[in-house]
Amino acid sequence: MTSESAVPWDFDIIQIGFGPVGQTMAALLGRRGHRVGVFERWPTAYPLPRAGHVDHEVMRILQAVGAAHEFEPYAVPVPDYDWLNGNGDVLLHLDWNQPTPSGWKSDYLMYQPDLQDVLLAAVRRHPSVEVYGGWNATRITHHPDHVEVTLAHGTVADGTWRPDGVTRTVTAAWLIGADGANSVVRQAAGVGWDDLGFEEDWLVVDLELHDPDIRIDMPEAGQYCDPDRPVSLFRRLGRAHSRWEFMLLPGEDADRMTQEARCWELLARWKITPADATVIRRTVYTFRSLLAESFRRDRTLLIGDAAHLMPPFMGQGMCSGIRDAANLAWKLDLVLTGRCGDSLLDTYTRERRPHVHSVTTTSMELGRIVCISDPEEAAARDHAFLTGDVPPPPPFPVLTDGLLHRDANGTPTGPAGTLGVQPRVHWQGRTGLFDDVVGNGWTLMTTVPPGQLPLDDDQFAFLRTLDTRIVHVTRARIPGAVIDMDADATRWLTGHEAELALVRPDFYVFGTARADQADALVDSLRHQLRPHLSEASRT
């Protein structure tokens, strides 16, 4: 079968938008050799911070594109997250210093331009990715076998993009919309929003500190649930910046609130003055909760803010977009290389939309707790928290639909849908995190020598179709085996009463099994993928 990459379009994929989510998407596709044309209306990267948080899962995705270790010196691990009332009493303490399956710290605060710089460097390592700044998509035409995008070139003056009369038209097999909340790609595809019902205006103030080590009486990351004015604050947004977010009260005007003098009035509570820092951004955002009806429409695929918006109280907006990219990239790779038909891409919405919905609704509930401005309602809230009459926050969501090993009732079994573990290993003279030493992609991790698994030639051939790594992980020194240095993989498998795990390229577990069930596990994946496999991949 001829792969889609052989079709004579200008690109395999056109991508509109090149923020951190789009950069990650381009890097993931570029490392697989696909021809990607990226078009961004701004000629250079946005120079100010917007997102300020990444978690361990996102760090592992950044690791996959060769950006995590370069980014780590600029990211600040956050050990905890405190919610305080107006009197300074701790209502909720979240311990972010727990071990994670991904091999990274749980949570980090960061300065977005630092992340953009390392992601841009990662993209530039792939000559198959071409990035064009200053181009705005003006018309998108959908054809049965490709998409056609007309773009206008322009320049930016005083923060406004203006066309200069130059246009071009490009074609591709697929179109990715990474162009934010006002996505022209989503609108052209006719995909509507589901509004989940949260809307609040907040002032965001970012400071560049003259002395990055200046002492400020504030938590590393926290929420002031003060009915007089709820505030979110982050002591270190990266290594040299801080952020405050102030909820607008009824009757307050956004233009007045964004005046620099008003910002300093609000910051006076923390005894910080213009002598200590420079305001680099002051803007009012409307925090909303919107979810695209579908993340795919024909040959159009949506990622990041083009597909979903959520309140920032979990710090998961950009993180969710980067998860979109990780989920979509390996599926597009199978389609573009002719191993699967495009029906596989329907699993993208099935897997990502419920996950994002869950994160968004939790963010909304947390936001509603923070945003209480009625003193009596706030007092009742404080009493409930301080007397322990509030359930703990729900666990972070996992995948519940899509390509997952299931029991006879169709329910994902064991750790299917959760994140796989990334242990520290030694192999072929190198010691480090598993992905750095062994690699990533489809991985069959087993504590039993692969030759002892009950897999036949057809099952091994199927795994080779997916470029699956079969890795013998052991605590012993055995030729060819990967040494589990800290026994993390061994403990993880033992805890699930398993001897092997089949892990997807986005690091989610397809399923686990005992050694004598290896054939059933592989057949489960083959059965679920079979409707999507090309004829060549089936034979």
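This one's a predicted model, so the numbers in the text were calculated from it and none came from an experiment.

1. Some details on the state of the cysteines
Reasoning step 1: Enumeration according to the criterion identifies 0 disulfides in this entry.
Reasoning step 2: Free of any disulfide, Cys319 has its nearest cysteine sulfur in Cys371, 20 Å distant.
Reasoning step 3: For Cys319, a relative accessible area of 0% puts it in the buried group.

2. Notes on the layout of surface pockets
Reasoning step 1: As a volume, the second largest pocket reaches approximately 800 Å³.
Reasoning step 2: Taken together, 33 residues form the lining of the second largest pocket, with Trp96, Ser106, Asp107, Pro395 and Phe396 sitting closest to its centre.
Reasoning step 3: Mapped by element, the contributors of at least two residues to the lining of the second largest pocket are β3 (53-55), α2 (56-64), β5 (80-85), β6 (90-95) and α9 (346-370).

3. So, the sheet that holds β6
Reasoning step 1: An order of β6-β5-β13-β14-β15-β12-β16-β19 is seen for the 8 strands of this open sheet, with the pairing classed as mixed. Pairing within the sheet leaves two strands with one partner each, and these edge strands are β6 and β19 (308-309).
Reasoning step 2: Here strand β14 (residues 231-234) pairs with strand β15 (residues 241-247) via 4 bridges, running antiparallel. Bridge pairing in β15 links Ser232 to Glu245.
Reasoning step 3: Against the sheet, helix α7 (residues 260-267) makes contact with β12 (193-209), β15 and β16 (277-292), and its axis sits at roughly 85° relative to β12, the strand it touches most.

4. Side note on the pattern of salt bridges
Where side chains of opposite charge bring their charged atoms close, a pairing between them can arise.
Reasoning step 1: Evaluation of the coordinates by the stated rule reveals 34 salt bridges.
Reasoning step 2: Across the pair Asp12 and Arg35 runs a salt bridge whose closest N-O atoms are separated by 3.0 Å. Of this pair, Asp12 sits in strand β1 (residues 11-16) while Arg35 sits in the loop between α1 (20-30) and β2 (36-40); the two residues are 23 residues apart in sequence, bridging distant segments of the chain.
Reasoning step 3: The salt bridge involving Arg504 is made with Asp506; its shortest N-O contact spans 2.7 Å. For the pair Arg504 and Asp506, one class covers both residues: buried.
Reasoning step 4: A single network of salt bridges, built from pairs that share partners, joins Arg229, Glu252, Arg256, Arg262 and Glu265.

5. Quick word on the pairing of strand β26 (residues 509-513)
Reasoning step 1: In terms of burial, β26 is a largely internal element, 5 of the 5 residues being buried.
Reasoning step 2: Strand direction decides the pairing type here: strand β25 (residues 500-503) and β26, joined by 4 bridges, are antiparallel. Its bridge partner being in β26, Leu500 is matched across the sheet by Ala513.
Reasoning step 3: Linking two consecutive strands that pair antiparallel, namely β25 and β26, is a turn of 5 residues; a positive phi of about 75° is found at Phe507 within it.

6. A closer look at the pairing of strand β23 (residues 469-474)
Reasoning step 1: Two strands pair when backbone bridges link them, and strand β22 (residues 443-446) and β23 are joined in this way by 4 bridges, in the parallel orientation. Residue pairing for β23: Leu444 is matched across the bridge by Ile470.
Reasoning step 2: In this region the chain leaves β22, passes through helix α12 (residues 457-465) and returns to the parallel neighbour β23; the handedness of that crossover is right-handed.
Reasoning step 3: With 2 bridges connecting them, β23 and strand β24 (residues 482-484) associate as parallel partners. Within β24, the residue paired with Thr474 across the bridge is Ile483.

7. Structural notes on the sheet that holds β24
Reasoning step 1: Strand order in the open sheet made by the 7 strands is β21-β20-β24-β23-β22-β25-β26, with mixed pairing throughout. Since the sheet does not close on itself, it has two edges, and those belong to β21 (430-433) and β26, each with one partner. Each neighbouring strand pair of the sheet contributes to a mean axis angle of 25°, computed without reference to strand direction.

8. Points about helix α10 (residues 375-386)
Along an α-helix, residues three or four apart share an orientation, since each turn contains 3.6 residues.
Reasoning step 1: Look at α10: 16 Å from first C-alpha to last across 12 residues, which is about the 16 Å you get at 1.5 Å a residue.
Reasoning step 2: Those residues of α10 that sit buried are Ala378, Arg381, Asp382, Ala384 and Phe385. When α10 is viewed along its axis, its buried side chains cluster within an angular range of 160° and face the same direction. Turned more than 90 degrees off the buried face of α10, the exposed positions are Glu376 and His383.
Reasoning step 3: Contact partners of the buried residues in α10: β5, β6, β13 (221-225) and α9.
Reasoning step 4: Measuring from the side-chain oxygen of the N-cap residue of α10 to the backbone nitrogen of Glu376 gives 3.2 Å; that N-cap residue is Asp374.

Calculation criteria
Residues numbered from 1 in each chain as written. Predicted model: local features only at pLDDT ≥ 70, side-chain atom pairs only at ≥ 80, totals over all residues. Heavy atoms only, no water. Disulfide = S-S within 2.5 Å. Buried < 20%, exposed > 50% of the residue type's maximum accessible area, 1.4 Å probe, protein only. 1 Å grid on protein atoms, 1.4 Å probe; cavity = no way out; pocket = protein on both sides within 12 Å on 5 of 7 lines; lining within 4 Å. Points joined across faces, edges and corners; volume = space filled by probe spheres on them. Helix = DSSP H or I, 4+ residues; strand = E, 2+ residues; numbered from the N terminus. Pairing = 2+ DSSP bridges. Contact = heavy atoms within 4.5 Å. Axes fitted to C-alpha atoms, helices over the stretch in contact; angles between N-to-C directions. Salt bridge = Lys/Arg side-chain N within 4 Å of Asp/Glu carboxyl O. Right-handed = clockwise from strand over helix to strand, strands pointing away. Expected span 1.5 Å × (residues − 1). Arc of directions from axis to C-beta. Polar contact = N/O pair within 3.5 Å; in protein donor to acceptor, adjacent residues only side chain to side chain.

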